[in-house]
Every structure is written in structure tokens, then in C-alpha cells.
Amino acid sequence: MLSRDRWFVGLIVGVSTLLPLSAAAQPASPQSVISSLSTRPASSASRITEAPSIDGALDERVWQDATPLTGFVQAEPFEGAPASEHTEVKILYDEEAIYVGVVLHDRDPSLIVTTDTRRDANLGEMDSFQMIFDTFRDQQNGFVFGTNAAGVQFDAQVRDQGDEATSWDGSWDVRTSINATNWVAEFRIPLRTLRYGPAPQTWGVNFFRNIQRTRERAYWSALPREHELARLSSAGELRGLELKTPRNFKVLPYAVGAANRDFTPGAATERDYDFGFDAKFGITPGSNLDVTYNTDFAQVEVDTQQINLTRFNLRFPEKRPFFLENSGLFTIGKGDELDLFFSRRIGLDENGLLVPIDAGARFTGKVNGVNVGVLNMQTDDVGLNPGNNFSVLRVSRELRNRSGIGAIFVNRSATGDLAQSSDWNRTYGLDARVGVGEHFTMAGFGARTETPGLSGRDFAYNVDSEYDDGKHRGGFEYGRTGESFNPEVGFLEKEGGYSRMFFRYHETMRQQKIRDWGFREWQPHLQYTRYEYLDGGLNTAVLHLDNHWDWENGYRIDTALQGTWEGFREPFEIYPGVIVPVGEHGGLGFRMNSNTDTRKRAFARLRWDVGTFLTGTQNSPNLQVVIRHGGQFTVDTNWTYRSISLPEGAFHTNLGNMRVTYNFTPSVFIQSLVQYNDRTDRWSTNLRFHLLETAGTGLFVVYNNTESLDGLGPINRAFIVKYVRQFDLLR
């Protein structure tokens, strides 16, 4: 068994080592990139000496003289057809910024859909425009900027052609206007907000328009419908740029005051104030150094509560801005199942309580074609628990045709007088991916950990493959995790060691007969995941046999045969007093997911699980209802009820939340999150007012309240005021 494990880890290491030597994975030269993209559109930007006014009206002479980019092509609903509405994009630049002016023609602007007006709102659910700049022309990483007709600021980073990471907030401006036959967007993106190589530059670029009333997606550089804007290997080119490298040094000091009342008998109200700062230095045109002192995250929304009815660890998302920026660079693993580095381990304990962060620094950028990320953070002592120093080093390199290699090192060491010499943990990892043609991808990683006093198999690896041509999608994965694998600064959902196998097959059917029935598409698919203990035997397994029916009117229903099986080697207390015995339990059930038209002012989503659950049955609906008005006012209510009936005992749980948001402008909003959890017998309120200035700075007012449901009244209340200001010292 051990020899097989070493063989799989060796495979990962071997792929990582041999990729640079293979002809198919050599780093692409500029000449070969241009040759391979000869069928892709190309354009150039106009250099100007007088900057336009950013007011949402392209009436200056510099805009009128610029040559527009046109010819948008649909990905949805009719792949390859010309866009139903004409779009014109013009690009200018000077020594300080890139300027993009867009005219989005519309036969009836009264039908424009606007569902949200906050910064970083989901533009995929409304009429919108986005652009992506691949500033190093590596065909895998880029900066995204977008807006809707209300002038929302949306920005994101893309890594490895993956999902858009909206956690990145840059300093830039956009203004919009709606006219009788079109809507207009005018962008100004300072060069110091971007990172790029020396002049002359050729960037990868693509533009995307969403017309929500017909659910149309159209691109300047055409994409198949299975791909998104992040598919940079299919982007066009922006040539002939002669951009200088502006110096970049920004300081973001903050001041915060708080009053905290604990309603424990005899406790007094605590009042406190503090200050700190973040700073950003432009080291080279392609790299930045971020520094933080006395780090504070008071403005961040609280976690959405979960109820755990499994044996496994719950994962709560990272929401803190300092850790979210460039977070994709540090990611290796299997998403929500296994992460070699998970930033929530820094500054938060296992119960989600704050641990003071004294200071930290992060260097990210591209050095001689290699992506480099270095992070170091120092936390303070808390009671009898020592402070810790966290260090992460990540390097990766893009290769041709969506391929790449990388490595990571993660270290935690206890510090200070309370620290013991054996209190440390380390993680080492390698990863690689290989793109074959346009539709096939293989990827994998191998890792091991070191923990004093812990012996045994301390490795983890996973290899996966996927084929996706837009109609047929299939994939297979296999991996193993040792019982002593212990990434203390990472995340591991299932502890104790396991092997993992995953299989998926997915069809997308769009025949005319299906469209004649009123559907856009039918997606039958099958997924099977199985985890086994390292010495054999079932740990857990999930079978999912589903049908997605997508109506043209925006309605959708998914009907699935859902099977779950669990192998218990020791009794498991799933609920107080309800203990599931040793053995293999589970069986088949039914799952339905459905939603009404999400473009409407009011819509609903329903998920319902019924059927076998462990040794008994369940009846578990989840209902979400959203009501909104004009993109300014939104009420989002979610309720989950689980009724579990087992021979060992019956019980039910309730978990609900309501998020109410009012957007005064795209930069000023107030939001409340009220949560109810009958497992803890508490309800809580998080009320936040944000007056944003730029890149996540501004005034933040936060009120938190936790109440008991058993008649004891309030448990805790806190009121926080924080102000962050950005100073651009070299502007």
C-alpha cells in the first residue's frame, strides 16, 4: 500500500519536474503565442495627451477620434451568432491611466434589468459590461473591471483561468448614463492599480456584455458557451501599448472605537479605541509589497451560521480583505475538501473568536516569468495560548495551453515566552496541470506535513482529469490522504485518512425539439463520489443522478435521485441523546432544486431532500425568497428545516436568516443580517453601514447583538465605528 502511495506522489513530482522539458509544455514564446491566436481579434489603444472627464458622456474629441471595437458574438443563447444589440468599445491611454468608453446600444432601455447597485454586485444577474486585461500575456491571469447601467464598480482578479475573485478591490472610476437608444459607461483605470511588464506591451483582452432580459451573453473575442470571460487562452489582443511604470506607494491608516457589553452578571461595558495601518508599495512594475500593522477587520460581515449533522469539519469562508487579495495565488488543494493554506487559521481560533494580529506583510507578483507569493503574519498571546508566526511561500509558472507547475511551503511556529520548542507545523506541496487541446485538462497535487509527536502516513495527493466540449463533460479523480496528514494552517474536511474516487458525466442538450417545448436546455448528469478508510471499507459515498430543466422564461427545476451512505466505526452522536450505531447506513432519496425567474422583483428558490437518511429518513426543505426594488432595496430570506426520524430518536432543526439591504448609492449602503439557530437557542443581528471612498476604504459603522431564546434576554452587544483613509503619497 505504501509503495502505491509513493508512486502517486512520485507521479505528481514527476509531472512537475518533466513539464518544462516536454515540447508540449514549454513556456510559450511571444512569436508562438501570436501565431496560435492568429484567428483572434486584435486592436490598439490611442495615446492621448489630454485626459477625458469621467462623466458617463463620451462627448470629448478624444473619444470621437478613437476607433471603436465592434463585432460582438453570442455565447448564449445562440452560440456563434452576432450579438442582438450593437456594442462599441474605445480604448485610450496616457501616462497615468487606461480609459475605456463603451456605448451599449439598446432598442428599449426601459427593459434594462438592474438588480443591485452595491460595489461588486453579481453582474451576471443584470444588464452589464465587463472587460478583462491579461497584462502579462500569460493567457491565464488577469484583472476584471465591470459595471451596470447604475454605475456599480465591479472588479476582480482571475488566476489560472479560474473563477473571478471579487475580493480584490482596486482604485479606479466609472460613470454611466442611460439615453433614449443606449447606455454608456466611461472607465478610468490608473496604471498604478495594475501590474504589467516593460514597454512595449501587448495585453490579452476581452469584453463581455450581458443582456439579462433575453439572458444573452456576448463577447468581443468569441467564446463557446461552456467558457466564461476568464478563458484568457481565447482572448483577443491589445497591441502597441507604450506604458510607463508609475511609482506606487499608498498608506491606509485606520482608527476604530468600540463599546462592548457582556450581559454576564457583574460584567461592565468595555470601551476601547485603537489604530493601525496598511501600506502598499510598488516594488517593480509586476510586483507589490503589502504591509499591515495592528490589523483590524471590524467592518467585515459576520459568518452565516451552519448546523452540522455530519462527522466532518465545517468550512466558513474567508471575508477579511487583507487575506482575500491575491488569495488565488496561494491556493493548492481540492477546494472545500482540502486546502494546504487556509487564511482563516490566522487571527481566528477554532471557535471563530478573534486572535490579535500584531503585524504582517505580503509580497506578490511576477519575477522573471515566475509568480511569487510570500506571506508572513505575527499574532499575539491570548491568555495562556502563545502567539504564532505564520509564513507561506508560493511559486508557480504558467506554461503553454493552460498548463502550469507550482510549489508551496507553509509554516506555523509558536512564539514568545509561552511557546514550547515542539509547537510548530509545516506543510510542503507541489501541483501541476496540463491542458491537452481545447477540451481536456489534467491536474494534480502532492503534499506532506510535519508535526512534532505525530507519526504515520502524513501525505496527501489527488489526480484529476476532465473533458468538456460544451456538449459532453466527463471527469475522473483519485486521491489519498494519510491518517497523520495535518495541515494546521490549512483545511481538511475529513480527518483520519481516506482514499477518494470521483466520477462525473454531464450532457448538455439543446436540440430544436427541446426548444420547441419552451426549454433552453436539458442537462442530464451523473456523479458518484466514494471515500474509503485507508485499510478498506466504506467511509462515505454520494450518488447524484440529476436532470436540469432550464426554461427560456427563467424558471428552472432539477430533479435528482440522491443516494448517501456512511460507514461508522464508532457510535456518532448526531443530536443530543441521538446516537447512530456502528455500521454502514444510508440509501436512496429524492432531491429537488427549483427557482422562479430571478430577473423579477420577487423570486424564490426551493431545495427539498426526502428519503433515506442514515438509519432512518429525512424530510428537509430549504426555501429562499428574495424581494427587491430597483436595485436599491433587497430583502433576502432563507429558512432551512430538517426533520430527521431515526430508530435511535427523532429530532428537527431550524436555521434561518434574513438579509435586508438598502443602497443609497453604489458606494453607500446599509445592511442587516438577522440569524436564528434553534441548536444554540439564539438569534443574532449584524447591522452595518458603509460609506465607501475607494478600494475598500471609508466610514464603517457596525452594531452586533446576540439574544437568547430561553427567556434570559441579551447575551452580548457591541457598537463599532471605524474610518479608513487612503493616501496616495506619490500621486
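Whatever comes next refers back to the structure up there.
Presented here is an overview of the structure given in this document. (Residues numbered from 1 in each chain as written. Predicted model: local features only at pLDDT ≥ 70, side-chain atom pairs only at ≥ 80, totals over all residues. Heavy atoms only, no water.)

Turning our attention to a negative patch on the surface. Together, D262, E270, D272 and D274 give the surface a local cluster of negative charge. If one sorts the elements of the negative patch by residue count, strand β15 (residues 270-284) sits on top with 3 residues. Counting through the fold element by element, D274 comes out in strand β15. (Patch = residues over 30% accessible without salt bridge, like charges linked within 9 Å, V, L, I, M, F, W, Y side chains within 5 Å. Areas by Shrake-Rupley, 256 points an atom, 1.4 Å probe, with all protein chains shown as cover. Salt bridge = Lys/Arg side-chain N within 4 Å of Asp/Glu carboxyl O. Lys, Arg positive; Asp, Glu negative; His and termini not counted. Charge placed at Lys NZ, Arg CZ, Asp CG, Glu CD. Helix = DSSP H or I, 4+ residues; strand = E, 2+ residues; numbered from the N terminus.)

All told, the structure shown has 58 salt bridges when counted by the stated rule. Across the salt bridge formed by K280 and D290, the nearest N and O atoms sit 2.5 Å from each other. Of the two residues, K280 is situated in strand β15 and D290 in strand β16 (residues 287-295); the sequence distance between them amounts to 10 residues. This pair shows no difference in class: K280 is buried, exactly as D290 is. With a shortest N-O distance of 3.4 Å, D290 and R362 are connected by a salt bridge. With a gap of 72 residues between them, D290 in strand β16 and R362 in strand β18 (residues 357-367) connect regions that are remote in the sequence. (Buried < 20%, exposed > 50% of the residue type's maximum accessible area, 1.4 Å probe, protein only.)

This part is about empty space enclosed by the protein. Per the stated rule, a full pass over the model turns up 3 cavities of 30 Å³ or more. When its volume is computed, the second largest cavity comes out at roughly 70 Å³. Lining the second largest cavity we find K334, E337, L338, F445, A460, Y461, N462, G479, R480, T481, Y498 and R500. Contributing elements (two or more residues each) for the lining of the second largest cavity: β24 (459-468), β25 (472-481) and β27 (498-507). For the lining of the second largest cavity, a count of residues per class yields 5 nonpolar, 3 polar and 4 charged. (1 Å grid on protein atoms, 1.4 Å probe; cavity = no way out; pocket = protein on both sides within 12 Å on 5 of 7 lines; lining within 4 Å. Points joined across faces, edges and corners; volume = space filled by probe spheres on them. Nonpolar A, V, L, I, M, F, W, Y, C, P; charged D, E, K, R; others polar.)

Time to look at the sheet that holds strand β5 (residues 97-105). Each strand in a sheet pairs with its neighbour through backbone hydrogen bonds, running either in the same direction (parallel) or in the opposite one (antiparallel). Pairing within the open sheet is mixed, and its 5 strands lie in the order β2-β4-β5-β10-β9. Looking at the sheet topology across the chains shown, the edges are occupied by β2 (46-47) and β9 (173-178). Pairing between β9 and strand β10 (residues 182-190): 6 bridges, direction antiparallel. Residue S177 lies in a different strand from β10, and its bridge partner there is V184. (Pairing = 2+ DSSP bridges.)

What follows is about the pairing of strand β7 (residues 142-148). Of all 7 residues in β7, 7 are buried; the element is thus mostly enclosed. In β7, alternate side chains face the same way, and those of G142, V144, G146 and N148 on one face and F143, F145 and T147 on the other are all buried. By the bridge criterion, 6 bridges tie strand β6 (residues 128-134) to β7 in an arrangement that is antiparallel. Counterpart to Q130 in the pairing with β7 is G146. Note that β7 and strand β8 (residues 154-158) share 5 bridges and pair antiparallel.

Let us look at the nonpolar core. Core analysis: the biggest nonpolar cluster contains 36 residues, and F129 and F207 have the highest contact counts within it. Those elements giving two or more residues to this core turn out to be β4 (87-93), β5, β6, β7, β10, β11 (201-211) and β13 (236-241). (Core = buried A, V, L, I, M, F, W, Y, C linked by side-chain atoms within 4.5 Å.)

So, about the packing of aromatic side chains. On inspection of all chains with the given rule, the structure shows 27 aromatic pairs. Judged by centre distance (5.7 Å) and plane angle (15°), the rings of F568 and F572 are stacked. With relative accessibility at 5%, the residue F568 sits in the buried group. For the pair Y575 and F651, a centre-to-centre distance of 4.4 Å together with 10° between the ring planes defines the contact as stacked. Here Y575, found in strand β31 (residues 572-575), pairs with F651, found in strand β37 (residues 649-665); they are 76 residues apart in sequence, far enough to count as distant. Taking relative accessible area as the criterion, Y575 reaches 23% and is therefore assigned partly exposed. Members of the aromatic cluster, connected to one another through ring pairs, are F129, F133, F143, F145, W168, W172, F187, Y196, W203, F207 and W220. The ring centre of F342 lies 4.2 Å from the NZ or CZ of R315, which sits over that ring. (Phe/Tyr/Trp six-rings, centres within 6.5 Å; stacked < 30°, edge-to-face > 60°. Lys NZ or Arg CZ within 6 Å of the ring centre and 35° of its normal.)

Assignment of secondary structure puts S391 in strand β20 (residues 387-399). In this structure the side chain of S391 is engaged in a polar contact, spanning 2.7 Å, whose partner is the side chain of N376. Ignoring any residue separated from it by four or fewer positions in sequence, one finds S391 in contact with L375, N376, F409, V410 and N411. (Polar contact = N/O pair within 3.5 Å; in protein donor to acceptor, adjacent residues only side chain to side chain. Contact = heavy atoms within 4.5 Å.)

Within the fold, Y641 resides in strand β36 (residues 633-646). With 275 residues separating them in the primary sequence, Y641 and K366 have C-alpha atoms 48 Å apart. Beyond its immediate sequence surroundings of up to four residues, Y641 is in contact with N619, S620, P621, H652, T653 and N654.

When you line up the elements, T598 lands in the loop between β33 (583-595) and β34 (602-613). Sequence separation between T598 and Q74 is 524 residues; the distance between their C-alpha atoms is 21 Å. Dropping the residues within four chain positions of it, T598 is found in contact with F603, R605 and R628.

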